Amino acid sequence: MKIKIIIAYFLIYVVWGSTYYFIGVALKGFPPFLLGAFRFTTAGLLLLIFCMFRGESVFKKSLIKKSAISGIVLLFIDMAVVMLAQQYVSSSFVAIIASSTALWITALDVPRWKKNFTTPAILTGIIIGFLGVSMLYIEQLNMERSMHEHTEYGIFLLIFGCISWSLGTLYAKYKSSKEEEVDNFAGSAWQMLFASAMFWICSLISGDLMNTDLSAVPDTSWYSLIYLILFGSILAYSAYVWLLKVRPATEVATHAYVNPFIAVVLGVGLGHEHVTWVQIAGLIVILLGVMMIGRTSDKKKEKEKG
């Protein structure tokens, strides 16, 4: 179990952090809604077929109903917002704003209020992590204003998306997991398919489907789409849903602090973006906050077992 948890955290920390960069590359060839439609339709179908081969009960009405709600709130709204926001801000800035998800989940996770708000180490870790992200935010905001118009549009969209993702996360944890076994992923597959249905509808309404010449889409956008399907959706998202069943939501939410770290590193390494000493210090502070939350959660688990 411990090895599975480590691998799952690697996926939601590192792989998800990288998806912000690859979404930006994919959007150079695909309009936002069509990108979401292709991504989640393919990923959902592949994962559903995999679940059927494993013998999972994939057509339970209660499972499909709950997956529809969490898929639309958790995946469609948030990912649509992320892709739309990248028209106004960079991928690094999107990841930085998205870090507030950790705070929203903590604030909205009513069943764990007593534990979260009475544990000094967890509160300190959250505050430290958010301070690190704030350092990145302030430094990046100045650059964004000089490079993009209407930066405030992107910020408002992202805050709305963060709240939606947080609500979907908590719904998936406290509702869906009651009837699903820990190692079953049919719920994740249905969530992606319902999200993809919404993306197809929006693609038709917006005209993205009719106005896009797929033959003109650059190879880099196709490669990025494949990466998003296999690694971002099938592996990382499934790992996220699984972790919500075996670990506290507050701890799982620390991915929102680490993702900006990965996004900035990729921005510097692949996108040749400039990094300042303030940003480097912010990244170090973020990691310290995440380590504090993780260690505290592990100690609580050990006490509960003992």
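In this text the structure is predicted, and so the values were computed from the model without any measurement.

What to know about the packing of helix 1 (residues 2–26) against helix 11 (residues 219–246)
Next up, step 1: Where helix 1 meets helix 11, the axes come as close as 8 Å, and the angle between the chain directions of the two elements is 150 degrees. Here helix 1 is positioned roughly antiparallel relative to helix 11, judged by the angle of their axes. Both helix 1 and helix 11 take part in a crossing whose hand is left-handed.
Next up, step 2: Looking at side-chain class alone, the contact of helix 1 with helix 11 contains 21 nonpolar, 6 polar and 1 charged residues.

A closer look at the side chain of Thr-254
Next up, step 1: Within the secondary structure, Thr-254 sits in the loop between helix 12 (249–252) and helix 13 (255–269).
Next up, step 2: By relative accessible area, Thr-254 is classed as buried at 2%.

A few points about the confidence of the model for the chain
Next up, step 1: Of all residues in the chain, 81% have pLDDT values of 70 or greater, and the mean over the chain is 80.
Next up, step 2: The element-level mean pLDDT for the chain is lowest in helix 14 (residues 277–305), coming to 62, with helix 2 (residues 32–53) highest at 95.

Quick notes on the packing of aromatic side chains
Next up, step 1: Taken as a whole and assessed by the stated rule, the structure comprises 17 aromatic pairs.
Next up, step 2: Note on Trp-165 and Tyr-240: the rings are 5.3 Å apart at their centroids and 40 degrees apart in plane angle, and the pair reads as tilted. Linking Trp-165 in helix 8 (residues 151–174) with Tyr-240 in helix 11, this pair joins segments that are 75 residues apart in sequence.
Next up, step 3: On the accessibility criterion, Trp-165 (5% relative accessible area) is buried.
Next up, step 4: The rings of Trp-16, Trp-165, Tyr-237 and Tyr-240 are connected pair by pair, giving a single aromatic cluster.

A short note on the nonpolar core
Next up, step 1: In this structure, Ile-12, Leu-75, Leu-158, Phe-199, Tyr-237, Tyr-240 and Leu-243 are the most contacted members of the largest nonpolar core, which totals 84 residues.
Next up, step 2: Per element, the largest residue contribution to this core is 14 residues, and it comes from helix 11.
Next up, step 3: If we skip the residues at most four places from it in the chain, Tyr-240 touches Ile-12, Trp-16, Ile-105, Trp-165, Thr-169, Val-252 and His-255.

How each quantity is defined
- Residues numbered from 1 in each chain as written.
- Predicted model: local features only at pLDDT ≥ 70, side-chain atom pairs only at ≥ 80, totals over all residues.
- Heavy atoms only, no water.
- Axes fitted to C-alpha atoms, helices over the stretch in contact; angles between N-to-C directions.
- Helix = DSSP H or I, 4+ residues; strand = E, 2+ residues; numbered from the N terminus.
- Parallel < 35°, antiparallel > 145°, perpendicular 65-115°, else oblique.
- Left-handed = near helix turned anticlockwise from the far one by under 90°.
- Nonpolar A, V, L, I, M, F, W, Y, C, P; charged D, E, K, R; others polar.
- Buried < 20%, exposed > 50% of the residue type's maximum accessible area, 1.4 Å probe, protein only.
- pLDDT = per-residue confidence, 0-100.
- Phe/Tyr/Trp six-rings, centres within 6.5 Å; stacked < 30°, edge-to-face > 60°.
- Core = buried A, V, L, I, M, F, W, Y, C linked by side-chain atoms within 4.5 Å.
- Contact = heavy atoms within 4.5 Å.

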